[in-house]
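Descriptive structure summary
One-letter residues, chain by chain:
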Amino acid sequence: MLTAFRRDILTGTIAGFTGGLAFGWALQNQDMMIEAAGLLGLGSVGVGFILHLILASLLGAGFGALFRLQVQSFAATISSGAMYGLLWWVIGPLTLSP
């Protein structure tokens, strides 16, 4: 039996992985997946895709852990997710990648 905390982390991980698949597909169609591999100093598209999925899963798990006790409503979850995504967009591509 999963505790509520583990359930929320697992749900966030699955959601992050699913979102990572969709976003990874979009990155691949624009030939930008090689930049994800560049974070490790590699040039392989496959490594970039795997790294992208791992990071998306970890960020999804973090969202599940951080926002598990918020008000259970659609608007609260969407706005929290948008702010969490904005934070990681600033930290990742705008700060660490350049």
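Residues numbered from 1 in each chain as written. Predicted model: local features only at pLDDT ≥ 70, side-chain atom pairs only at ≥ 80, totals over all residues. Heavy atoms only, no water.

Centre distance and the angle of the planes are the two values used to describe a pair of aromatic rings. Under the criterion given, the structure shown has four aromatic pairs. Taken together, a centroid distance of 4.8 Å and an interplanar angle of 40° make the contact between Phe63 and Phe67 tilted. The class of Phe67 is partly exposed, set by a relative accessible area of 26%. Ring geometry for Phe67 against Tyr84: centres 5.9 Å apart, planes inclined by 85°, an arrangement best described as edge-to-face. Of this pair, Phe67 sits in the loop between α3 (45-66) and α4 (74-96) while Tyr84 sits in helix α4, placing them 17 residues apart in sequence. We classify Tyr84 as buried; its relative accessible area is 11%. (Phe/Tyr/Trp six-rings, centres within 6.5 Å; stacked < 30°, edge-to-face > 60°. Buried < 20%, exposed > 50% of the residue type's maximum accessible area, 1.4 Å probe, protein only. Helix = DSSP H or I, 4+ residues; strand = E, 2+ residues; numbered from the N terminus.)

This paragraph deals with the confidence of the model for the chain. Considering every residue of the chain, the mean pLDDT works out to 85; 97% of them sit at 70 or more. Ranking the elements of the chain by mean pLDDT puts helix α2 (residues 33-38) last with 76 and helix α1 (residues 4-29) first with 91. (pLDDT = per-residue confidence, 0-100.)

The next thing to look at is a nonpolar patch on the surface. Among the surface-exposed residues, Leu39, Leu40, Leu42, Ile50, Ile54, Leu55 and Leu58 lie close enough to one another that they form a single nonpolar patch of about 680 Å² accessible area. Its location among the elements puts Leu39 in the loop between α2 and α3. Relative accessible area serves as the criterion here: at 49%, Leu39 is assigned to the partly exposed category. (Patch = residues over 30% accessible without salt bridge, like charges linked within 9 Å, V, L, I, M, F, W, Y side chains within 5 Å. Areas by Shrake-Rupley, 256 points an atom, 1.4 Å probe, with all protein chains shown as cover. Salt bridge = Lys/Arg side-chain N within 4 Å of Asp/Glu carboxyl O.)

Glancing now at the packing of α1 against α3. Where α1 meets α3, the closest approach of the two axes is 6 Å, and the angle between their N-to-C directions is 145°. Handedness of the α1/α3 crossing: right-handed. Looking at side-chain class alone, the contact of α1 with α3 contains twelve nonpolar, ten polar and one charged residues. (Axes fitted to C-alpha atoms, helices over the stretch in contact; angles between N-to-C directions. Left-handed = near helix turned anticlockwise from the far one by under 90°. Nonpolar A, V, L, I, M, F, W, Y, C, P; charged D, E, K, R; others polar.)

What follows is about unusual backbone geometry. With a phi close to 55°, Asp31 is a non-glycine residue in the positive phi region. Following the sequence through the fold, Asp31 ends up in the loop between α1 and α2. Under the relative-accessibility criterion, Asp31 is labelled exposed at 64%.

The residue Asp8 is located in helix α1 in this model. Within polar-contact distance, the side chain of Asp8 engages the side chain of Arg68 at 3.0 Å. In contact with Asp8, other than residues within four places in its own chain, are Gly64 and Arg68. (Polar contact = N/O pair within 3.5 Å; in protein donor to acceptor, adjacent residues only side chain to side chain. Contact = heavy atoms within 4.5 Å.)

Turning our attention to α4. Helix length check: α4, at 23 residues, gives a terminal C-alpha distance of 31 Å against a target of 33 Å (1.5 Å per residue), a fit within 8%. Approximately 30° is the largest bend angle found in α4, and it occurs at Trp89, with the proline Pro93 only one to four residues beyond. Within α4, the full set of buried residues consists of Ser80, Tyr84 and Gly92. Of the surrounding secondary structure, the elements contacted by the buried residues of α4 are α3. (Expected span 1.5 Å × (residues − 1). Bend = angle between axes of the 7 residues up to and from the residue.)

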